[in-house]
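Spelled out from the first residue to the last, the chains are:
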There are 2 protein chains.
Amino acid sequence: MVRVFALLSALGLLFWGLGQTGGTVAYPQGYRTWTHVKSMIVEKGHPLYELVGGLHHIYANEKAMQGYRANPRVFPEGSVIVFDLLEPVVGNHAVVEGERKAVIVMEKDSRRFARTGNWGYALFPGNSRTPANIDVNSCYECHKGAANTDFVFSVYRP
Amino acid sequence: MVRVFALLSALGLLFWGLGQTGGTVAYPQGYRTWTHVKSMIVEKGHPLYELVGGLHHIYANEKAMQGYRANPRVFPEGSVIVFDLLEPVVGNHAVVEGERKAVIVMEKDSRRFARTGNWGYALFPGNSRTPANIDVNSCYECHKGAANTDFVFSVYRP
């Protein structure tokens, strides 16, 4: 009995520990063939410029697409949303796509990311597959502004 | 013998007729979940502004993706490429996606579209599924500028 209790306590501590440390979000392999949700250019002077200035495209895996289409909007476990941030190149009466600034990722996993609204966050600078050291709590704090739509701001453009 | 000859002649005339009139390009059902190739904004003052001014995204079906990845670049039969043209909405230090101006389509079929470089062209205004009456020869004349890349100007952004 004491042993079972000790084992359960140890397991409890283990899971609590995992919950506390959270997990990491993997590089979203193959996201360029996922569904393109929408695009936007954030210019100098915009409140988000320092954070995500540039031209971004949002891509969603199949599970995330279920979430975008659901009403009310709840994303299933395993949903991954990619914010592909590029340098806009302006000139000759056109804006074209320049270098990649970052690949920013949200992944839904209520076990690993319970502390940040069931979503994990990661940022891969440029074309790197190695995540930068970011404060995921600041991601979470800002995304709370979209708590009514499961912490996702973007809306799918049909 | 005379009958067989007459029949063959009639068939020949029929196919010649089909070749001459070409075919029509269908609305690209489901293209929004195809692969996003690249994007661009064509602004006032650009030589293509009158024709395709606005924010466009290019989407490719799986066969067309084979073409984009091939070297030299030849697109297989059945390739479909969509030019999704939206009104860019500029303001508040951002550019967002407005109304759809048109869905423009290229479809490769060397039988139906032999007269225009093996590609057929169609334009669906706004969100309409009914094609506009366009001069496909002018599409072809312009796309001859990309004859070296099988009449496709766009390059896939990895």
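Residues numbered from 1 in each chain as written. Chains lettered and ligands numbered in written order. Predicted model: local features only at pLDDT ≥ 70, side-chain atom pairs only at ≥ 80, totals over all residues. Heavy atoms only, no water.

A.B. asks: Before we move on, could you go through the interface of chain B and chain A and cite the residues and values that matter?
C.D. replies: Counting residues at the interface gives 29 residues for chain B, matched by 29 residues for chain A. Summed over the three residues of chain B that lose the most area to chain A, namely Arg32, His93 and Arg157 of chain B, the buried surface amounts to 27% of that side. Our enumeration of links across chain B and chain A arrives at 4 salt bridges. One salt bridge in this structure joins Glu97 of chain A and Arg157 of chain B, with 2.8 Å as the shortest N-O distance. Counting across the chain B and chain A interface gives 24 residue pairs in polar contact (both at pLDDT 80 or more). At the level of secondary structure, the elements contributing two or more residues to the side of chain B that touches chain A comprise β1 (35–42), β2 (54–60), β3 (80–91) and β4 (94–108) of chain B. With 8 residues, β1 of chain B is the single largest residue contributor to the side of chain B that touches chain A. Here strand β1 (residues 35–42) of chain A runs beside β4 of chain B; their pairing, made up of 3 bridges, is antiparallel. Among the inter-strand pairings, Ile41 of chain A is bridged to a residue of β4 of chain B, identified as Val95 of chain B. (Contact = heavy atoms within 4.5 Å. Buried area = accessible area lost by both parts, 1.4 Å probe. Salt bridge = Lys/Arg side-chain N within 4 Å of Asp/Glu carboxyl O. Polar contact = N/O pair within 3.5 Å; in protein donor to acceptor, adjacent residues only side chain to side chain. Helix = DSSP H or I, 4+ residues; strand = E, 2+ residues; numbered from the N terminus. Pairing = 2+ DSSP bridges.)

A.B. asks: Which residues make up the relation of the copies chain B and chain A, and what are the values?
C.D. replies: Superposing chain B onto chain A takes a rotation of 180 degrees combined with a translation of 0.0 Å along the rotation axis, leaving an RMSD of 0.0 Å. Within this description, the copies of the chain are treated as partners about a two-fold rotation axis. Interface overlap between copies is the fraction of interface residues in one copy that are interface residues in the other; for chain B against chain A it reaches 100%, indicating a shared surface. (Least-squares fit on C-alpha atoms with pLDDT ≥ 70 in both.)

A.B. asks: Quick rundown of empty space enclosed by the protein? Include the residues and the values.
C.D. replies: This model, assessed by the stated rule, comprises 1 cavity of 30 Å³ or more. A volume near 90 Å³ is recorded for the largest cavity. Lining the largest cavity are 13 residues, and of these Ile41 and Leu55 of chain A together with Ser39, Ile41 and Leu55 of chain B lie nearest its centre. Mapped onto the lining of the largest cavity, the elements with two or more residues apiece are β1 and β4 (94–108) of chain A together with β1, β2 and β4 of chain B. Considered class by class, the residues forming the lining of the largest cavity number 10 nonpolar, 3 polar and no charged. (1 Å grid on protein atoms, 1.4 Å probe; cavity = no way out; pocket = protein on both sides within 12 Å on 5 of 7 lines; lining within 4 Å. Points joined across faces, edges and corners; volume = space filled by probe spheres on them. Nonpolar A, V, L, I, M, F, W, Y, C, P; charged D, E, K, R; others polar.)

A.B. asks: Mind laying out the UniProt feature "domain: Cytochrome P460" (unreviewed entry) in chain A, listing which residues take part and the relevant values?
C.D. replies: Residues annotated by UniProt as "domain: Cytochrome P460" (unreviewed entry) correspond here to residues 28–154 of chain A. In this annotation, residues 28–154 of chain A is assigned 16% helix and 39% strand; the end-to-end C-alpha distance for the span is 18 Å. (UniProt positions renumbered as here; feature names shortened; annotations may be inferred.)

A.B. asks: Break down the packing of aromatic side chains for me, citing the residues and quoting the values.
C.D. replies: Throughout the structure, instances matching the rule amount to 12 aromatic pairs over all chains. Centre to centre, the rings of Tyr27 of chain B and Tyr31 of chain B are 6.4 Å apart; their planes meet at 70 degrees, and the pair counts as edge-to-face. Tyr31 of chain B shares its class with Tyr27 of chain B; the two are buried. Taking 5.2 Å as the distance between ring centres and 85 degrees as the angle between the ring planes, the aromatic pair formed by Tyr27 of chain B and Phe124 of chain B counts as edge-to-face. Of the two residues, Tyr27 of chain B sits in the loop between α1 (2–21) and β1 while Phe124 of chain B sits in strand β5 (residues 119–125), which places them 97 residues apart along the sequence. These aromatic residues form a ring-pair network of at least three members: Tyr27, Tyr31, Tyr59 and Phe124 of chain A. (Phe/Tyr/Trp six-rings, centres within 6.5 Å; stacked < 30°, edge-to-face > 60°. Buried < 20%, exposed > 50% of the residue type's maximum accessible area, 1.4 Å probe, protein only.)

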